[in-house]
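# Report on the structure
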2 protein chains.
Amino acid sequence: MKLLEDRILKDGVGIGTEIVKVDSFLNHQVDVELTDKIGEEFARIFAESGATKVLTVEASGIPAAVATARAMGNLPMVFAKKAAPNTMVDGSYTAPVKSFTKGTLSTVRVSKSYLKAEDKVLIIDDFLATGEAAIGLLDLVRQAGAKCVGYGAVVEKAWQGGAKRLEELGYRVESLAVISSIVDGNINFK
Amino acid sequence: MKLLEDRILKDGVGIGTEIVKVDSFLNHQVDVELTDKIGEEFARIFAESGATKVLTVEASGIPAAVATARAMGNLPMVFAKKAAPNTMVDGSYTAPVKSFTKGTLSTVRVSKSYLKAEDKVLIIDDFLATGEAAIGLLDLVRQAGAKCVGYGAVVEKAWQGGAKRLEELGYRVESLAVISSIVDGNINFK
């Protein structure tokens, strides 16, 4: 997605060889107009997927997931939680997610009421790196007996192998901007 | 907002005397069409506020904040974080937030790059209860030398006193649905 790549080149910051800082428009401060265009692009790409629900994980995947759900005709959007609120009383599916950057193990969870066997789930997230978060979300979908019809990432860090890992599991992976490397602060696309 | 009150009566669940479960459409599964209408209503209410930025806190305030920013002419939206990601390298404003329901103390933070002295900030959140989260966000705005031009909550639990607390501090508070009590599972509006 050229608009997104141009924006990453303009406002993104490469730090070391691993980190892409895009928090001025994607995952801390949010450019709402760009987010809408991201949603429209995912809707175009996954138009034939048969998705009935969009799934993401809190927090920074939410804007793109909302925009995608809207552009696909106001599908219900569900965001997996990292903590169990006191309203989650109907039972939930849970899966562990390891964070390579933070070195922590967390749990993602979705209420059993909002993932059903008949759901065809499109997973949307802001970043695809090692694929750990995606694997956790896919586990929730599997537990519900639902089907994942695709996975969309706004930004992919190709060298961390997440896309390959998900594709080897049989999933369709689409990233709007695929970064191949960061060298001396320069962000290079595939 | 009648549409919202009707939806709360239809799909919301009152638990005990304190908890309103609206996670089928507001803060776990999200009805994107309703969220857009919520954003349009906040945009109408705060049309003359002069807001230049919308602020919320992750995670469940994000959909309404995005929709509001969008309806106000694509204002930048910023969500405060509860953890410091490895991309938050420019320094941040932080404030403590006590959770009455979870009994925990957390920290909300915003990068200094995304709250500036010239910002006129509209704060949007999904729930206003005791006002603790709002007080934390207001502290971030104060630290930046910015001005808060209003606070909007999708749902207010009036008996927990948050609106009174914020109004006594001089802020304009607008809630789209004000719940006065929960009795025997019945949700009553003010």
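For the structure, check the block above.
This report concerns the structure included in the present document. (Residues numbered from 1 in each chain as written. Chains lettered and ligands numbered in written order. Predicted model: local features only at pLDDT ≥ 70, side-chain atom pairs only at ≥ 80, totals over all residues. Heavy atoms only, no water.)

### Concerning the overall build of chain A
If you tally the helices and strands in chain A, you get 5 helices and 11 strands. Computed over C-alpha atoms, the radius of gyration of chain A comes to 16 Å, within 12% of the 16 Å expected from 2.2 N^0.38 for 190 residues, which places it in the range of a compact globule. Along the first, second and third principal axes, the C-alpha set of chain A runs to 50 × 35 × 35 Å. Counting across all 190 residues of chain A, residues that qualify as buried make up 56%. Sequence separation of 24 or more characterises 64% of the internal contacts of chain A that already satisfy a separation of 6 or more. Surface summary for chain A: the accessible area is close to 7700 Å², and the carbon and sulfur share equals 49%. Averaged over its 23 positive side-chain charges, chain A has a centre that lies 5 Å from the centre of its 24 negative ones. (Helix = DSSP H or I, 4+ residues; strand = E, 2+ residues; numbered from the N terminus. Rg over C-alpha atoms; globule rule 2.2 N^0.38 Å. Buried < 20%, exposed > 50% of the residue type's maximum accessible area, 1.4 Å probe, protein only. Contact = heavy atoms within 4.5 Å. Areas by Shrake-Rupley, 256 points an atom, 1.4 Å probe, with all protein chains shown as cover. Lys, Arg positive; Asp, Glu negative; His and termini not counted. Charge placed at Lys NZ, Arg CZ, Asp CG, Glu CD.)

### Focus: the sheet that holds strand β9 (residues 147-157) of chain A
A sheet is described by the order of its strands in space; here 7 strands give the open sequence β11(A)-β10(A)-β9(A)-β8(A)-β4(A)-β5(A)-β3(B), paired in mixed fashion. The open sheet has two edge strands with one neighbour each: β11 (186-189) of chain A together with β3 (29-30) of chain B. Bridge count for strand β4 (residues 53-57) of chain A against strand β8 (residues 120-128) of chain A is 3 bridges, and the pairing is parallel. Its bridge partner lying in β8(A), Lys53(A) is registered against Val121(A). With respect to the sheet, helix α3 (residues 62-71) of chain A is in contact with β4, β5 (77-80), β8 and β9 of chain A, its orientation differing from that of β5(A) by roughly 160°. (Pairing = 2+ DSSP bridges. Axes fitted to C-alpha atoms, helices over the stretch in contact; angles between N-to-C directions.)

### As for the interface of chain B and chain A
With 40 residues of chain B in contact, the opposing surface of chain A contributes 40 residues. Both faces combined, the contact of chain B with chain A buries some 3400 Å², and carbon together with sulfur accounts for 62% of it. Interface area lost by chain B to chain A is led by His28(B), Val32(B) and Tyr114(B), which between them contribute 21%. Where chain B touches chain A, the interface holds 16 residue pairs in polar contact (both at pLDDT 80 or more). Looking at the side of chain B that touches chain A, the elements that each hand over two or more residues are β2 (19-21), β3, α2 (32-45), α3 (62-71), β5 (77-80) and β7 (104-111) of chain B. For the side of chain B that touches chain A, the leading source of residues is α3(B), giving 5 residues. Considered class by class, the residues forming the side of chain B that touches chain A number 20 nonpolar, 10 polar and 10 charged. Pairing of strand β3 (residues 29-30) of chain A with β5(B), which is carried by 2 bridges, proceeds in the antiparallel orientation. Looking at β5(B), one finds that Gln29(A) is bridged to Val78(B). (Buried area = accessible area lost by both parts, 1.4 Å probe. Polar contact = N/O pair within 3.5 Å; in protein donor to acceptor, adjacent residues only side chain to side chain. Nonpolar A, V, L, I, M, F, W, Y, C, P; charged D, E, K, R; others polar.)

### Digging into the sheet that holds β3(A)
Read from one edge of the open sheet, 7 strands run β3(A)-β5(B)-β4(B)-β8(B)-β9(B)-β10(B)-β11(B), paired in mixed fashion. Of all the strands in the sheet, the pair left with one neighbour each is β3 of chain A together with β11 (186-189) of chain B. In this structure, strand β8 (residues 120-128) of chain B lies alongside strand β9 (residues 147-157) of chain B, joined through 8 bridges in parallel fashion. Pairing of Asp125(B) across the sheet is with Ala153(B), part of β9(B).

### A word on the packing of helix α1 (residues 2-11) of chain B against α2(B)
Residues and elements named next belong to chain B. Interhelical geometry of α1 versus α2 gives an angle of 140° and a closest axis separation of 10 Å. Both α1 and α2 take part in a crossing whose hand is left-handed. Side by side, α1 and α2 meet where Leu 3, Leu 4 and Arg 7 of the first sit next to Leu 34, Lys 37 and Ile 38 of the second. Across the contact of α1 with α2, the residue classes tally to 4 nonpolar, no polar and 2 charged. (Left-handed = near helix turned anticlockwise from the far one by under 90°.)

### Topic: the environment of Ala65(A)
Residues and elements named next belong to chain A. Looking at the secondary structure, you find Ala 65 in helix α3. The sequence separation of Ala 65 and Ala 129 amounts to 64 residues, and the corresponding C-alpha distance is 18 Å. The contact partners of Ala 65, leaving out residues within four places of it in the chain, are Val 54, Thr 56, Met 77 and Ile 124.

### Things to note about α3(A)
Counting along an α-helix, one turn takes 3.6 residues, and residues three or four places apart therefore face a common direction. The buried count for α3(A) comes to 9 of 10 residues, which makes it a mostly enclosed element. All of the buried residues along α3(A) are Ile62(A), Pro63(A), Ala64(A), Ala65(A), Val66(A), Ala67(A), Thr68(A), Ala69(A) and Arg70(A).

### Quick look at the environment of Ala95(A)
Residue and element names in this part refer to chain A. With respect to the helices and strands, the residue Ala 95 is situated in strand β6 (residues 92-99). The class of Ala 95 is buried, set by a relative accessible area of 1%. When the C-alpha atoms of Ala 95 and Ile 123 are compared, they prove to be 15 Å apart, with 28 residues separating the residues in sequence. Once residues within four sequence positions are removed from consideration, Ala 95 is found in contact with Ser 106, Thr 107, Val 108, Gly 136, Asp 139, Leu 140 and Gln 143.

### Points about the relation of the copies chain B and chain A
Placing chain B over chain A gives an RMSD of 0.0 Å and needs a rotation angle of 180°, together with 0.0 Å of translation along the axis. Overall, the copies show the geometry of a two-fold rotation axis. The rotation axis passes nearest to the C-alpha of Ala59(B) in chain B, at a distance of 2.5 Å. Comparing contact sets, 100% of the residues at the interface of chain B also lie at the interface in chain A, consistent with an isologous, same-surface contact. (Least-squares fit on C-alpha atoms with pLDDT ≥ 70 in both.)

Keep in mind that these numbers describe shape and distance, not what the molecule does.
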